[in-house]
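# Reading the structure
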Amino acid sequence: MASSMVGPLLFPLENGYKIWEDQSFIKWNKRDPHVTLRCHDSIEASLKYWYERNKVDLSVSKSAVWNDDAVPAALENAASWVQQLPFVKSLSGYWKFFLAPNPTTVPENFHQTAFQDSDWPTLPVPSNWQMHGFDRPIYTNFVYPFPLDPPHLPQDNPTGCYRTYFTIPKQWQGRRIILHFEAVDSAFCAWINGVPVGYSQDSRLPAEFEITDYCYQFGSDEKNVLAVQVLRWSDGSYLEDQDHWRISGIHRDVLLLAKPQVFIADYFFNSNLSDNFSHADIHVEVKIDDSRETLKDRELANYVIEAALYDTGSWYNRDGHVDLLSSNVANLTLSAPTSGSHGFNGYILAGKLEKPNLWSAEQPNLYTLVIVLKNTSGCVIDCESCLIGIRQVSKAPKQLLVNGHPVVIRGVNRHEHHPRLGKTNIESCMIKDLVLMKQNNINAVRNSHYPQHPRWYELCDLFGMYMIDEANIETHGFILSGHLKHPTEEPSWASAMMDRVIGMVERDKNHACIISWSLGNEAGYGPNHSALAGWIRGRDPSRVVHYEGGGSRTSSTDIVCPMYMRVWDIVKVAKDPNESRPLILCEYSHSLGNSNGNLPEYWEAIDSTFGLQGGFIWEWADHGLLKESADGSKHWAYGGDFGDFPNDSNFCLRGLVWPDRTAHPALHEVKYVYQPIKVSLREGIVKIKNNNFYETTEEMEFSWAVHGDGCELGYGILSLAVIEPQSSFDIEWKSGPWYSLWASFDDEEIFLTITTKILHSTRWVEAGHIISSTQVQLPAKRGIVPHFIKPKDVALSTEVLGDIIKIKQQNSWEIKLNVRTGMLESWKVEGAPIMSKGIFPCFWRAPTDNDKGGEQTSYFSRWKAAHVDSLSFITESCSIQTLADNLVKIAVVYLGVLKSEDGSFKEGKSNALFNTDIIYTIYGSGDIIIESNVKPNSDLPPLPRVGVEFHLEKSVNQIKWYGRGPFECYPDRKASAHIGFYEQTVAGMHVPYIVPGESGGRADVRWVTFQNKDGLGIYASVYGNSPPMQMNASYYTTAELDRATHIEKLIKGDDIEVHLDHKHMGLGGDDSWTPCVHDEYLVPPVPYSYSIRLCPITAATSGYDIYKSQLQN
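Since the model is a prediction, treat every value here as computed from it, not as a measurement. (Residues numbered from 1 in each chain as written. Predicted model: local features only at pLDDT ≥ 70, side-chain atom pairs only at ≥ 80, totals over all residues. Heavy atoms only, no water.)

Along its length, the chain carries 15 helices and 57 strands. Taken over C-alpha atoms, the radius of gyration comes to 33 Å for the chain, in line with the 32 Å a tight globule of 1113 residues would show. The C-alpha extent of the chain, read off along each of the three principal axes, is 110 × 70 × 55 Å. Across the 1113 residues of the chain, 64% fall into the buried class. Counting contacts in the chain only where the partners sit at least 6 residues apart, residues at least 24 apart contribute 74% of the total. Accessible surface, the chain: about 40,000 Å² in total, of which carbon and sulfur atoms supply 50%. Charge-centre separation for the chain: the mean point of 99 positive side chains lies 2 Å from the mean point of 134 negative side chains. (Helix = DSSP H or I, 4+ residues; strand = E, 2+ residues; numbered from the N terminus. Rg over C-alpha atoms; globule rule 2.2 N^0.38 Å. Buried < 20%, exposed > 50% of the residue type's maximum accessible area, 1.4 Å probe, protein only. Contact = heavy atoms within 4.5 Å. Areas by Shrake-Rupley, 256 points an atom, 1.4 Å probe, with all protein chains shown as cover. Lys, Arg positive; Asp, Glu negative; His and termini not counted. Charge placed at Lys NZ, Arg CZ, Asp CG, Glu CD.)

This part covers the sheet that holds strand β55 (residues 1029-1034). Taken in spatial order, the 9 strands line up as β40-β41-β42-β43-β44-β49-β56-β55-β52 in an open sheet, and their pairing is antiparallel. What marks the edges here is a single partner per strand, and that holds for β40 (797-801) and β52 (1002-1005). Averaged over all neighbouring strand pairs, the angle between strand axes comes to 20°, with direction disregarded. (Pairing = 2+ DSSP bridges. Axes fitted to C-alpha atoms, helices over the stretch in contact; angles between N-to-C directions.)

On to helix α9 (residues 599-608), then. α9 sits mainly inside the fold: 7 of its 10 residues count as buried. What α9 keeps buried is the set L599, P600, E601, Y602, W603, A605 and I606. In this fold, the buried residues of α9 make contact with β24 (409-414), α8 (567-574), β29 (583-588), β30 (612-617) and α10 (666-673).

What follows concerns the packing of aromatic side chains. Each aromatic ring pair is characterised by the separation of its centres together with the angle its planes make. Per the counting criterion, the structure on display carries 46 aromatic pairs. Judged by centre distance (6.2 Å) and plane angle (25°), the rings of Y859 and W863 are stacked. Of this pair, Y859 and W863 both sit in helix α12 (residues 859-865), 4 residues apart, which is roughly one turn of that helix. Each member of the pair Y859 and W863 is classed as buried. (Phe/Tyr/Trp six-rings, centres within 6.5 Å; stacked < 30°, edge-to-face > 60°.)

We now examine the environment of Y1090. Considering the arrangement of structural elements, one finds Y1090 in strand β57 (residues 1088-1097). For Y1090, a relative accessible area of 4% corresponds to the buried category. Look past the residues within four positions of Y1090 in its chain and what remains in contact with it is I930, E931, S932, V934, V946, G947, V948, S1026 and H1062. Among the polar contacts made by the side chain of Y1090, one reaches the main-chain carbonyl oxygen of G947 at a distance of 3.5 Å. (Polar contact = N/O pair within 3.5 Å; in protein donor to acceptor, adjacent residues only side chain to side chain.)

Let us now look at unusual backbone geometry. For the peptide bond that leads from P150 to P151, omega is 0°, which places it in the cis range. Summarising the element assignment, P151 is placed in the loop between β5 (138-140) and β6 (159-166). Cis geometry marks the peptide bond from W618 to E619; its omega dihedral reads -10°. Mapped onto the fold, E619 is located in the loop between β30 and β31 (625-628). If you check the backbone angles, Q84 has positive phi at about 70° while not being a glycine. Mapped onto the elements, Q84 comes out in the loop between α3 (70-80) and β2 (88-90).

Turning our attention to the pattern of salt bridges. Using the criterion set out here, one finds 62 salt bridges in the structure. For D68, the salt bridge goes to K634, with nearest N and O atoms at 2.8 Å. Placement of D68 in the loop between α2 (58-61) and α3 and of K634 in strand β32 (residues 634-637) is noted, with a sequence separation of 566 residues between them. Taking the relative accessible area as the measure of exposure, K634 reaches 38% and is therefore partly exposed. The closest approach of N and O atoms between E416 and R252, which form a salt bridge, is 2.9 Å. (Salt bridge = Lys/Arg side-chain N within 4 Å of Asp/Glu carboxyl O.)

Here we come to the side chain of D243. Looking at the element boundaries, D243 is found in the loop between β11 (224-231) and β12 (244-246). Taking the relative accessible area as the measure of exposure, D243 reaches 5% and is therefore buried. A distance of 2.6 Å separates polar atoms of two side chains, one belonging to D243 and the other to Y139. For D243, the contacting residues outside a window of four places in its chain are Y139, T140, N141, H415, E474, F651 and R654.

To continue, consider the side chain of D1071. By the element assignment, D1071 lies in the loop between β56 (1056-1064) and β57. By relative accessible area, which is 4% here, D1071 ends up buried.

Pairing in this open sheet of 4 strands is antiparallel, and the strands run β36-β35-β38-β39 from one edge to the other. Looking along the sheet, the strands with just one partner apiece sit at the ends: β36 (711-717) and β39 (770-777). Adjacent strand axes in the sheet meet at a mean angle of 20°, parallel and antiparallel pairs treated alike. When strand β38 (residues 750-758) meets β39, the two strands line up antiparallel, connected through 7 bridges. Bridge pairing in β39 links I754 to T774.

What follows covers the environment of F610. Locating F610 in the fold gives a position in the loop between α9 and β30. Sequence separation between F610 and Q399 is 211 residues, and the spatial gap between their C-alpha atoms is 8.4 Å. Discounting residues that sit within four places of it in the chain, F610 has contacts with P397, K398, Q399 and A574.

All right, on to the pairing of β30 then. The buried fraction of β30 is high, at 6 of 6 residues. With 4 bridges joining them, β24 and β30 adopt parallel strand pairing. Considered in β30, the bridge of I409 is made with G614. Where β29 lies against β30, 3 bridges are found, and the strand directions are parallel. Residue pairing for β30: L585 is matched across the bridge by G615. Note on the crossover from β29 through α9 to β30: the handedness is right-handed. (Right-handed = clockwise from strand over helix to strand, strands pointing away.)

Looking at helix α1 (residues 43-53), one finds that the buried residues are I43, S46, L47, Y49, W50, Y51 and R53. Contacts from the buried residues of α1 go to β16 (303-311), β20 (367-375), β21 (380-388) and α5 (454-463). The N-cap of α1, judged by a side-chain oxygen 3.0 Å from the amide nitrogen of A45 a few residues on, is S42.

For the rest of this paragraph, the subject is the state of the cysteines. Scanning all chains against the criterion turns up 0 disulfides. Of the cysteine sulfurs around C161, a residue in no disulfide, the closest is that of C189, at 10 Å. Not part of a disulfide, C842 finds its nearest cysteine sulfur in C969, a span of 19 Å. (Disulfide = S-S within 2.5 Å.)

Take the packing of α9 against α10 next. How two helices pack is summed up by the angle between their axes together with the distance between the axes. Between α9 and α10, whose axes approach to 10 Å, the crossing angle comes to 15°. Taken together, α9 and α10 sit at an angle that is classed as roughly parallel. In the crossing of α9 with α10, the sense of the turn from one axis to the other is right-handed. When α9 is examined against α10, the residues L599, P600 and W603 are found in contact with a partner set consisting of E669, V670 and V673. Its residues assigned to classes, the contact of α9 with α10 shows 5 nonpolar, no polar and 1 charged. (Parallel < 35°, antiparallel > 145°, perpendicular 65-115°, else oblique. Left-handed = near helix turned anticlockwise from the far one by under 90°. Nonpolar A, V, L, I, M, F, W, Y, C, P; charged D, E, K, R; others polar.)

So, about a nonpolar patch on the surface. On the surface, V143, I479 and L480 cluster together into a nonpolar patch covering about 260 Å² of accessible area. Classification of L480 by relative accessible area gives exposed; the value is 53%. (Patch = residues over 30% accessible without salt bridge, like charges linked within 9 Å, V, L, I, M, F, W, Y side chains within 5 Å.)

Overall, the predicted model of the chain reaches an average pLDDT of 94, with 96% of residues at or above 70. Long-range and interchain partners of residues 1-9, a stretch whose pLDDT sits below 50, account for 16 contacts in this model, where long-range means more than four residues apart. Under a pLDDT of 50 for its full length, residues 339-344 has, in the predicted model, 15 contacts with residues more than four places off or in other chains. (pLDDT = per-residue confidence, 0-100.)

So this is what it looks like as structure tokens:
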């Protein structure tokens, strides 16, 4: 081993200077950033590598793991990524590890080869050390987890000391050895055999150091020692204030690369498509690293550079042996040497590709680019390769174009998050994300808020996903300091910010999926951002630049990219004649808990307004971390659960999927508004529109089904001509195959559902997958008439025992009602207990996270201030108005009042917040008609709900309903939930949001039955002129859903709590920090009148038959 090279260099750490507290010192001895290198030994090997590496599809996603099994899986995965690469070696595995309280207390000379580490524990690499019992995770949104005093850091700065051992393979003799860290959080120093080799910051980009002269080469009796010191906090942490878990360590793989003395160090592919896209002029800029420091004009005196494109798509369409070399479709030859942009000196190779298969998210056609460096004898010295796509990103007035088309961004934001691993990635888990995204019609992802794992980009190229690649820059917490400027306004931070942007662009520049670079997130706006935008535009004019900071409309962004802008405001921007850029929401529809209301309103505007091109929902996955409870069980933890402070509690739980990628109900709504096939019925025309920009409907199957009052009347295949992209097919609804059914039946409501399926399996889904399904209501054959029953002259018996009136019909059913309180104390059907208590008015719901958004102006705060949450209902009066042989009528007046401090009620109508009159009409048939008149105080805030509550025995756990479903839906999030007949258990109705609250509702319910295993129970439906109801049934009371802070802390009640709501407030979701339920989904404090029908049901009857009996002919 030779160490002479370090002689004149003084490692900055060794002189006591705190380099991690100097924003101008961001790296030492670090190689320039570049694309991911493969170090192939031949063209054939490179093609074979991609042939195998591209074999990823739906089946791989099925092996995704989210529990403790992920730890060994991550190590196996890291090792597998370098298979078939003879000159790349993964150092993944269990390393020796010691955690010091701060950088000044690390074990002395721990980096020396002679240091004894036998008593140190081990830690898997890659990993975050907090996920393995060292230190603790911290979740904050934007408050820095340390005092804001840049560039200084607290004394408490946990510092990880790592040691591992490696040898150099025999076939690497004579080659240059490069140490490559894919990502380390947040700053680190590295030593080889006691010699310092480098320092780096930026937690999400690679750091690379040449270590050739410091290694024991093959044949040595000694193993090489790699020691790494990782600081939890550095001055770079001030630029990394993203809203996610703050966890540390070597969280991506560590590699050794072996390169020849002269090698391909970097390359940049570009294509220029002809106006009609019939051919592409292609070129690649290649950078050579020559250890001999030869002058550039003599560098190739003994070498030749060649490049070629191979059609990757042709490899998998043949049976048997594939001749990969025969897939060559273009060769690139050396042009006159020129200087690359911004001084990036390289060699330009150029060529032409005829009839290119263009890349888009709909049709992700890819080629393999292979670059070889040969000697004058024609022997391959070095070989590099990557996947590339031929596509054009351009701008037009108010439009972002891909291959000349104004594609619509149906996007989502995605952090890197694994509930067991933290920031460490597993390929199958990344593929699971992509499979779910594609299956739910998501076509774009914003890498929030940093460059992600290199494999993520390859997968997005393969699966077809438009991408905004975002620099690892966020300084959100500076808004809390009045005396400090954002780093973007400080020259001392300019080089650190620029380094992060350059590193991102240089690593990721060849990926077709990236259509836009982002300068970062929530980092203010200033001169440094202008410089970043200028550098990117000069280096890569083939893409656009995105940045929301400074109001989303600065000169440093090519896209108007606001966050959480309201529907009416995005329309205003789009119609602004002075704004020539398209608007794409970089964040919208905040998915905190039970959320994502108003999506249809956004997409009605986007689909109909020129200049609006979509957006990215916040966000993909809940950031719960697996935590072991005292009893050994595991649960999802959020901010504060690890004793972390400061923290932002459950604000990290804002996904469309749970941490294990189980879908939230809201994902159905996303799939619906994002669906590429749109169906509408207007003015007698069924219009089927293909909203794709490249795909026709040739590979799709259309089917139709007609349902009348919930029952299927007929179905069939819908034979259509092929619909071209951005075209539509019109059918007069009376000419459709469903018309004869409509004409033959006399149902009150008839719905037509048109469904689109994929005919053939793809990389991301199996054949038969439904990509679009729309339900439209066919014209009514008659006017809507009130629902009434025709009472049968059936005798009933009544008996008054003190305050209890017992009403029964032989052995069929029995009701006990307290005539003092007006409450039903029991209801039995054929002797089986069904209802345990009820029926009483209800106006309160367990608050959702969105209900709590806005502090004192939140709905929750206003409800609490008005005491809507703590009402007691006292019975002002209860009277038996009719007591006949076949009918009993009872009138009850409830007052919703507050308790005094001494526990007494503030009685009297003047103190009541709600005055509710309920009339029960009980027929001998067992029918109970409930007529409710509600009068709230007019000065109350918008109400959570207006309805009734009752409690059923736990055994009455089978639910069937006719309404929207089958999944959870609410008034402002129900477009995807078709109206139909559904059944579910009470347990199945529950939606296990990590933080409990209002959940599990079903919207627009016409009728519902609750039955036990023997079919005994009750039926409930709308009645008279009342509109459909919001229905909910749960083992958890409203109070319990409000009390519990975690799903695992919920305690089931003694019965089933049922809500039938005449009105229920929407969920909101435009954001979660202001009260933003749209006006049409609010429940104002005004009088309401509604009616509900209840009756007993047995296994011999059905809800459908009972419902049909009340429809008037």
